[in-house]
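For reference, the chains in residue letters:
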Amino acid sequence: MTLATMTLLGNSASSFVIVSSKPDPEDVVNVGCGPAEERVLLTGLHAVADIYCENCKTTLGWKYEHAFESSQKYKEGKYIIELAHMIKDNGWD
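Residue numbering note: each chain is counted from 1, following its sequence as written. With pLDDT at 70 or above as the cut-off, local features in this predicted model cover only qualifying residues; side-chain atom pairs require 80 or more to be listed or tallied, and sums for whole chains, interfaces and linings still use all residues. Note: side-chain values were computed over all heavy atoms of the structure, leaving out hydrogens and water.

**Student:** Can you explain the pairing of strand E4 (residues 44-53)? Please cite residues and give values.
**Tutor:** Remember that side chains alternate between the two faces of the sheet whenever the strand is regular. The element E4 is largely enclosed, with a buried count of seven among its ten residues. Bridge count for strand E3 (residues 31-41) against E4 is nine bridges, and the pairing is antiparallel. Of the residues in E4, the one forming a bridge with arginine 39 is histidine 46. At least two bridges found by DSSP between two strands are what make those strands a pair. Where helices and strands are cited, they refer to DSSP runs of H or I of at least four residues and of E of at least two residues respectively, numbered from the N terminus. Linkage of E4 to strand E5 (residues 59-67), two consecutive antiparallel strands, is achieved through a turn of five residues, within which lysine 57 is found at a positive phi near 65 degrees. The cut-offs for exposure are 20% and 50% of the maximum accessible area for each residue type, with area from a 1.4 Å probe on protein chains only; residues under the lower value are buried, those over the upper are exposed, and the others partly exposed.

Okay, here's the thing in structure tokens:
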């Protein structure tokens, strides 16, 4: 799992892109993935699945399952975590 340095505009504010070398739910700890649904985002139509904290069930962001536009295919299999949902704990930045 790699934290990409891209900054994206999520639903509420800035977001991180989490890049997985092999998109697999087992790569992400304590994060659940809901069913995929089609949504029109700023960059077009995508099939995305909300991701949420397994402990408190708070929606953290989403996973790109499918991009309908060829210019957006690079997003498939990547996770978006919105900064607004992250809590600083134990001294990490």
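Moving on, there is more to tell.
**Student:** Mind laying out the environment of asparagine 55, listing which residues take part and the relevant values?
**Tutor:** Of note, asparagine 55 is situated in the loop between E4 and E5. In this structure, the C-alpha to C-alpha distance between asparagine 55 and asparagine 30, residues 25 residues apart in sequence, is 7.1 Å.

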